Amino acid sequence: MTEEPSLLRPYLMTSGRAQPVDQTLEIEAQVMTSRLGAAAHPKLTFERQEIVSLCRNTMSVAEVAAMLGLHIGVARVLVADLAEQGYVVVRRPANHNSHDLGMIERVIRGLEAIH
């Protein structure tokens, strides 16, 4: 019998929010831990600590989600919260690549390679 994934954990991680504080946060945006985030690491909740630790090496929001086994929406909420608090720095794509099929395919291949 396959166990259904719990919806409670993502709900608790995001305080019940389905949308990030920055609704324009792209999944390909690059995330890096700030000095403030590194200093605050011990005080953060478990999932936020994991993101701050992972992003010592710059990675995309999609990679954060894949590495932590989070739904992409949950990762967007958490990363946006951390960015608003100054714990991570988000570098946005220089132009809107959301319709660039080549870039989308590269992101998908990269995510598949992680698993």
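Parameters at a glance
- Residues numbered from 1 in each chain as written.
- Predicted model: local features only at pLDDT ≥ 70, side-chain atom pairs only at ≥ 80, totals over all residues.
- Heavy atoms only, no water.
- Helix = DSSP H or I, 4+ residues; strand = E, 2+ residues; numbered from the N terminus.
- Buried < 20%, exposed > 50% of the residue type's maximum accessible area, 1.4 Å probe, protein only.
- Contact = heavy atoms within 4.5 Å.
- Core = buried A, V, L, I, M, F, W, Y, C linked by side-chain atoms within 4.5 Å.
- Pairing = 2+ DSSP bridges.

Along the protein chain, the regular secondary structure elements total six helices and three strands. Overall, the protein chain shows an N-to-C arrangement of helices and strands of α-β-α-α-β-α-α-β-α. Counting all 115 residues of the protein chain, 37% fall into the buried class. Expressed as a percentage of contacts within the protein chain between residues at least 6 apart in sequence, the contacts between residues at least 24 apart total 72%.

Taken as a class, soluble globular proteins show a tendency for nonpolar side chains to be buried jointly. Counting residues in each nonpolar core, the largest one holds 23 residues, and the members touching the most others are Ile-51, Val-61, Val-64, Val-79 and Leu-82. Of all elements in the fold, only α3 (46-54), α4 (61-68) and α5 (72-84) reach the threshold of two or more residues within this core. If one sorts the elements of this core by residue count, α5 sits on top with six residues.

This brings us to the sheet that holds strand β3 (residues 88-91). Here we have three strands laid out as an open sheet, ordered β2-β1-β3, and antiparallel in their pairing. Since the sheet does not close on itself, it has two edges, and those belong to β2 (59-60) and β3, each with one partner.

Burial of strand β1 (residues 30-33) is one-sided: the residues Val-31 and Thr-33 facing one way are buried, the residues Gln-30 and Met-32 facing the other way are not. Relative to β3, β1 runs antiparallel, the two sharing four bridges. Within the sheet, the bridge partner assigned to Gln-30 lies in β3 and is Arg-91.

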